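Now for the letters of each chain:
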Amino acid sequence: MGSLKNEEDLSLEESNEAILYVNGVRRVLPDGLAHLTLLEYLKDIGLTGTKLGCGEGGCGACTVMVSYYDQVSKRSMHHAVNACLAPLYSLEGMHVITVEGIGNRQNGLHPVQESLARAHGSQCGYCTPGFVMSMYALLRSSKTPPSEEQIEECLGGNLCRCTGYRPIIDAFRVFAKTDNSLYNNHSSERLLEDQFVCPSTGKPCSCGSNVVSVNKDFVNCHNRYSPLSYTEIDGSSYCEKELIFPPELLLRKIKPLHLNGFGGLKWYRPLKLRQVLDLKSRYPDAKLIVGNTEVGIEMKLKRIQYQVLISVGHVPELNTLRMRDDGLEIGAAVRLTELVEFLKMAVTQRAAYETSSCKALIGQIKWFAGKQIRNVASVGGNICTASPISDLNPLWMAAGTKFQIIDSEGNIRTALAKEFFLGYRKVDLKRNEILLGIFLPWTRPFEYVKEFKQAHRRDDDIAIVNAGMRVLLEENSGQWSVADASIVYGGVAPLSISASKTQLFLSGKTWNQELMQGALGVLENDIVLMQDAPGGMVEFRKSLMLSFFFKFFLWVSYQIDGEQSSRMGLTHSHLSAIQPFCRLPSTGRQIYEIKKHGTSVGLPEVHLSSRLQVTGEAEYVADLPLPPNGLYAALVLSSKPHARILSIDDSGTKSLPGFEGLFLSKDVPGGNNIGAVIDDEELFASEFVTCVGQAIGVVVADTHETAKLAARNVHIQYEELPAILSIKDALKANSFHPNCEKNLEKGDVEDCFQSGSCYNIIEGEVQVGGQEHFYFETQSTLIWTMDGGNEVHMISSTQAPQKHQKYVSHVLGLPQSKVVCKTKRIGGGFGGKETRSAFIAAAASVPSYLLNRPVKITLDRDVDMMITGQRHSFLGKYKVGFTTEGKILALDLEIYNNAGNSLDLSLAVLERAMFHSDNVYDIPNVRIKGNVCFTNFPSHTAFRGFGGPQGMLIAENWIQRIAMELKKSAEEIREINFQHEGYILHYGQKLQHCTLTSLWNELNSSCNISKACKEVDLFNLHNRWKKRGISMVPTKFGISFTTKFMNQAGALVQVYTDGTILVTHGGVEMGQGLHTKVAQVAASSFGVPLNSVFISETSTDKVPNASPTAASASSDMYGAAVLDACEQIKARMEPIASRNKYSSFAELAKACHMMRIDLSAHGFYITPDIGFDWKSGKGSPFNYFTYGAAFAEVEIDTLTGDFHTRRADVILDLGYSINPAIDVGQIEGAFIQGLGWVALEELKWGDADHKWIKPGYLYTCGPGSYKLPSVNDIPLEFNVSLLKGVPNVKAIHSSKAVGEPPFFLASSVFFAIKDAIIAARREVGCNDWFPLDNPATPERIRMACTDEFTKPFVGSEFRPKLSV
Ligand SMILES: Cc1cc2nc3c(=O)[nH]c(=O)nc-3n(C[C@H](O)[C@H](O)[C@H](O)COP(=O)(O)OP(=O)(O)OC[C@H]3O[C@@H](n4cnc5c(N)ncnc54)[C@H](O)[C@@H]3O)c2cc1C
Ligand code: FES
Ligand code: FES
């Protein structure tokens, strides 16, 4: 490449004039904002449609489209990017389109928005703008309508916690249509020669002119999914023109930039390499940035303050992409999306043997982050970060890549990739050097390169272990021997590392079984991974190293010999190890009948907020601007799990500009003791802290950043005390919350065990991990005083406004009548905002009240996850006796939950677990003892299912074990033990209207389980390293709060003289469609259309003393309360209505008003005939039960633990559904959330098993380390049906509650995984039962599939560590 030393000296010509177009509007960016991200800027200019879900690039809620003009291809380029990571100035000279820029309610929705709204694709709506923008960017950047695969792929970086993705995919699938005449109103003939049809709107568009013409030859082959067609949502009402690329930006000559930011931060944008080098010599410690996906995280999460940032994305020399005779030249700033396109081109243009490395890179980048990250992340950024889990560095090393390095003088040197990485995040670059480019040589004949990666989740996840492997073979007298080999791993050392001894061993050896066995033997000890290595999972990681090598051996053998690889001693069945995972577009059916009552009840109406959600116009607390004189709050948090507070030093806060105050326990004007059920918590810890993340105080300041900084600057000295960090610790120390031991008993368990009637009695232990709610909108409250503090008002993201009112009135010492809490909608709750939101609002109320100023508190995602508690982990110890047929005779169960440091709702959660410990089984003798463990973790709390799923999962574990002991199928054991109509449960309640058998039979016949079983057996017979498994699981979920007084509901209904109706009730809309269903009830009651009814918000001054919106029963209760109010008003209207014939409801309302009829009514409902007495252990805690069943089929890769769900069929009895579309949405959402619980989501705490995490800390506190199911995890075929013809006599309009019951059905996936593991273990002669803890992550799956690659490290009984 030569040297730049003698080139002309280029002056910097820096400018500080920066512009940006946002939604077609030109904006001048002032100097001083270098610290801002695009997302922060958008909020500052009032565009709140783009949401903050995580701030670390992991959820996609902040997706926007960025367009820029590419001088080389002479066209405008469009990309989806994460606004939360994009530095504001990096977009200078570009056009940003946010969700507000593409459509709105006033001017019409964009077809993407319209389709999503109408396909029920939004629930809480917080993720929705991000999905809209990912899809929009895909369409704008596509030359032709994208394929279904591309659509699913483009959504890989967007998470949704509510919907289960199916409706989102269905909504967007219509854009995959490829028949242009169907696709838009402009037939291709009518288009001008050079006109381009935008795949986004189906209308002509300027950005692709002269580049693409309309292709007439596509055929529409996708009529499988047609809930809506594109023509239906073609935007006829969408009158906005697609925003074009601003002409100014086409003509504008960009200049080097020099701008500044907070704290002396300098931002440079050089345009030439020489300028970069000059800057680097001026500022040797400067950070070069391209995508900012590493630096942004370092600055945000690791809180590193860099002083100089040099944005090098525009430097042509760093953006080279050149194909040479000997290989590829790739500039360091090339983005991964561009790189993949270029590699794909190389693969098509070069001889097949030359591009083995290219294919490996393409394969690896497919699973590298999400689309938004790949669009901005650079090759050089990945290399220079030198992360030990970089996906690409092992491949660069293995492929013999060379790095070109240039110093500030312009001297260029070359370094081999395999010598470039020196240590943990340390590379062979001097302070005055930068990476210029990469040279990737073509592979030679018989040279093979392969990529490997195993992560917690397939899509958008960092690797646990990855690898790049290369071998060059040469043929000698009919045998292949190794001329050269390179085996490189990531994730097993502080840096990407070569297995050097293994490489040496391979050299010169013949490529055969012997080589493989020998190499595995060497590899076993080649890379040493210590027991306490950061990241844990040591045994898994070691096993993966061997598994990957084995796969490589098979793959290479297959490359050289194809099907003949039996020459290497391999059977056809072994090839299952190398079949790549490829996912077809997902499909699904939703089957339900419509039972219409009146004008609206029973219809699949669209969620009432959906049109606001898809346009980003729906407002959430986090979006609310701070009122004048307002302050931001941040909590001062404990850093010890158990300690005495010795001193609090706030000297580091006072000097911070913008700091307004620190408030501690001594400052609380009212009571400092708080609690959901009993007051066993302190608002601010006064003397002791009992968990990491406990609030010790609150800081307020003029900006959120200052408040957080000030909170961090409060220094606390502690005297550390012993901490209890697991259920087992708690049992050893007898550490329980007071008065929480509970007992339920039926029959005589002891007598049964002694009687000899049991064929077998088994004993075991089940560990069930916790789960993070991960509602998309984090906890947030805006609170202010009125009349000088005489009243306090707040708007909170909570499921329980009344609890906020109560807590705030208590801590401020005000009467509840002077405190108001309002909630319009929340961005998800799932139980996490039932109680654990209230202390946050109460903390903010203290400074607000004492300073008499508005205060806003919004938790960052990591803080939210760390301090607000999760689903309880459980430990179950069972002893079960059964007959030879598998009939259960007796169950003796001890059950414990990990409550954390306060009681909160943990006792009620335990009780529900105890009630559900039978699931659906007839157990003549039962004894259940439960207790609530006190541990030094943040208080765990309600989460969809509220202990029920944990209780049922423990039951299904022993059911599955009985089946194994008896060598029968678990389904058979389940069936013969089913409870029936009239059965008396272990707590005395009688089963009525039990539909379990009908559901089970219907599912059984629709899934044809015996056929599925045979097919799975056949598959397993022919595939040594891939196994399939199936399972069918039933559920019975009790509906009602188990605390009797909570089963009450109030509502206020007001009829106005124009015939519209305003409903207010005590329930909160959190995405579950409560307001929609309740409005349907009101509409049908008055006989008016649904759009005559409006529900604005939930407010404690309209409906007092409401229970939290929880326990699935809100539609039952608030629907009934609203109906009660409607009936009262109708009764008052009746005399007027019967006297005259009115042409409309409005006329009638007006007439009533004239006759002085009160058109407002308060409705009330209490759930009848429920109650439970814990003294006798008998009663009827539930109003009724919702029944369901699910079938699942999975496939696992036994060598890596990777799995996917091939099919899931769910059936529920929901009576006559009030809104079947919303109910199906609840089922799908609950099932996928449940799938996360059983197979993906693992909380890792600093405990005895995780010594590499600081004691009491939550390691998995963001989407980077805690993996929710993504679009790629949903079943390939996902069918949902509602049982027909079964009205429920116990609830309004014969409906049934839906929110929680389907959650547990995802355990069918867990047991299908276990079924597959059983098949794998059978191959090595392990036929005995084994425990599998929840969640069945890749680590647990792989380690349970004991084989020659796990044996060097662990035995077949090995149980990976789990924080319980
Ligand atoms: C949500 C998310 C998911 C991710 N997933 C993955 C994944 O699956 N696999 C994976 O491997 N990584 C992953 N990453 C890490 C990251 O995206 C990649 O490392 C990315 O390639 C970094 O590129 P960048 O341009 O954004 O780097 P930047 O943040 O812009 O820069 C990173 C570092 O490189 C240095 N640097 C950049 N260019 C040069 C140069 N030319 N010379 C010298 N130094 C230079 C910078 O100074 C800085 O220290 C993920 C990150 C996020 C946020
Ligand atoms: S908020 Fe940006 S990706 Fe989550
Ligand atoms: S609708 Fe997707 S997170 Fe709620």
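Definitions and limits used
Residues numbered from 1 in each chain as written. Chains lettered and ligands numbered in written order. Predicted model: local features only at pLDDT ≥ 70, side-chain atom pairs only at ≥ 80, totals over all residues. Heavy atoms only, no water. Core = buried A, V, L, I, M, F, W, Y, C linked by side-chain atoms within 4.5 Å. Buried < 20%, exposed > 50% of the residue type's maximum accessible area, 1.4 Å probe, protein only. Contact = heavy atoms within 4.5 Å. Helix = DSSP H or I, 4+ residues; strand = E, 2+ residues; numbered from the N terminus. Expected span 1.5 Å × (residues − 1). Polar contact = N/O pair within 3.5 Å; in protein donor to acceptor, adjacent residues only side chain to side chain. UniProt positions renumbered as here; feature names shortened; annotations may be inferred. Salt bridge = Lys/Arg side-chain N within 4 Å of Asp/Glu carboxyl O. Pairing = 2+ DSSP bridges. Axes fitted to C-alpha atoms, helices over the stretch in contact; angles between N-to-C directions. Near = heavy atom within 4 Å. Areas by Shrake-Rupley, 256 points an atom, 1.4 Å probe, with all protein chains shown as cover. Nonpolar A, V, L, I, M, F, W, Y, C, P; charged D, E, K, R; others polar.

## Some points on the nonpolar core
If you look at the biggest cluster of nonpolar residues, it comprises 252 residues, and the most contacted ones within it are Phe-172, Trp-958, Phe-1086, Met-1133, Phe-1231 and Ile-1313. Not counting the four nearest positions on each side in its chain, Phe-172 is found in contact with Val-112, Leu-116, Phe-131, Val-132, Met-135, Ile-151 and Leu-155. Membership of the second largest hydrophobic core comes to 91 residues, among which are Leu-85, Leu-91, Tyr-306 and Trp-442.

## Structural notes on helix H35 (residues 1220–1240)
Along its 21 residues, H35 runs 29 Å from first to last C-alpha, staying within 8% of the 30 Å computed at 1.5 Å per residue. For H35, the capping residue at the N-terminal end is Asn-1219, with a side-chain oxygen 3.1 Å from the backbone nitrogen of Ala-1221.

## A look at the UniProt feature "domain: FAD-binding PCMH-type" (unreviewed entry) in the chain
With numbering aligned to this structure, UniProt lists the feature "domain: FAD-binding PCMH-type" (unreviewed entry) at residues 260–445. Between the C-alpha atoms that bound residues 260–445 the distance is 53 Å, and the span itself is 34% helix and 24% strand.

## Considering the pattern of salt bridges
Taken as a whole and judged by the stated rule, the model has 70 salt bridges. The closest approach of N and O atoms between Arg-1024 and Glu-1323, which form a salt bridge, is 3.9 Å. Of this pair, Arg-1024 sits in the loop between helix H31 (1009–1022) and strand S41 (1026–1039) while Glu-1323 sits in helix H36 (residues 1307–1323), and the two are 299 residues apart along the sequence. Residue classification places Arg-1024 among the buried residues on the basis of a relative accessible area of 10%. Judged by its relative accessible area of 38%, Glu-1323 falls in the partly exposed class.

## Considerations on the sheet that holds strand S5 (residues 95–97)
With respect to topology, five strands assemble into an open sheet ordered S2-S1-S5-S3-S4, the strand pairing being mixed. Both outer strands of the open sheet, strand S2 (25–29) and strand S4 (75–82), are each paired with one neighbouring strand and no more. The sheet shows a mean angle of 30° between the axes of neighbouring strands, direction not considered. The pairing of strand S1 (residues 18–22) with S5 spans two bridges and is parallel. Of the residues in S5, the one forming a bridge with Val-22 is Val-96. With respect to the sheet, helix H3 (residues 128–141) is in contact with strand S3 (63–70), S4 and S5, its orientation differing from that of S3 by roughly 25°.

## Let's talk about the sheet that holds strand S35 (residues 791–796)
Pairing within the open sheet is mixed, and its eight strands lie in the order S26-S30-S24-S37-S34-S35-S36-S45. Looking at strand neighbours, the two that pair on one side only are strand S26 (659–664) and strand S45 (1098–1099), the edges of this open sheet. Pairing between S35 and strand S36 (residues 819–823): four bridges, direction parallel. From the neighbouring strand, His-793 faces S36, where its bridge partner is Val-820. Sheet strands in contact with helix H25 (residues 838–851) are strand S24 (631–637), S26, strand S30 (695–701), strand S34 (780–786), S35 and strand S37 (855–858), and its direction is about 30° off that of S34.

## Topic: the pairing of strand S49 (residues 1184–1197)
Within S49, 14 of the 14 residues are buried, which leaves the element mostly enclosed by the surrounding structure. With 14 bridges joining them, S41 and S49 adopt antiparallel strand pairing. Bridged to Gly-1029 within S49 is Val-1194. In this sheet, strand S50 (residues 1203–1212) lies alongside S49 in antiparallel orientation, the contact comprising nine bridges. Looking across to S50, one finds that Glu-1193 is bridged to Arg-1207. Between S49 and S50, which follow one another and run antiparallel, lie five residues, and Gly-1201 among them has a positive phi close to 85°.

## Structural notes on the site of ligand 1
The immediate surroundings of ligand 1 are formed by 32 residues, with Lys-287, Leu-288, Val-290, Thr-293 and Ser-378 found nearest. Here an oxygen atom of ligand 1 sits 2.8 Å away from a polar atom, N or O, in the side chain of Lys-287. Contact with the protein chains covers 93% of the free accessible surface of ligand 1, which is 990 Å². Residue assignment for the shell around ligand 1 shows that the elements contributing at least two residues are strand S10 (287–289), helix H9 (295–300), helix H13 (379–385) and strand S18 (433–441). No other element matches the five residues that H13 contributes to the shell around ligand 1. Here the residues of the shell around ligand 1 sort into 16 nonpolar, 10 polar and six charged.

## Quick word on unusual backbone geometry
Backbone torsion omega between Asn-1334 and Pro-1335 reads 10°, so that peptide bond is classified as cis. The residue Pro-1335 is located in the loop between H36 and helix H37 (1338–1344) in this model. Its identity as a non-glycine residue notwithstanding, Ser-477 has a phi of 35°, on the positive side. One can find Ser-477 in the loop between strand S20 (463–476) and strand S21 (479–490). Ser-477 gets classed as exposed once you look at its relative accessible area, which sits at 78%.

## Observations regarding the side chain of Gln-989
By secondary structure assignment, the location of Gln-989 is in the loop between helix H29 (970–976) and helix H30 (996–1007). Separated by 2.6 Å, the side chain of Gln-989 and the backbone oxygen of Phe-1182 make a polar contact. Every residue in contact with Gln-989, bar those within four places of it in the chain, is listed here: Tyr-983, Ile-984, Gly-1179, Ser-1180, Pro-1181, Phe-1182 and Phe-1185.

## Brief notes about the environment of Gly-57
Of note, Gly-57 is situated in the loop between helix H1 (38–44) and S3. Classification of Gly-57 by relative accessible area gives buried; the value is 7%. Considering only alpha carbons, one finds Gly-57 and Gly-296, 239 residues apart in sequence, at a separation of 9.4 Å. Aside from chain neighbours lying at most four places away, what touches Gly-57 is Asn-82, Cys-84, Leu-85 and Ile-373.

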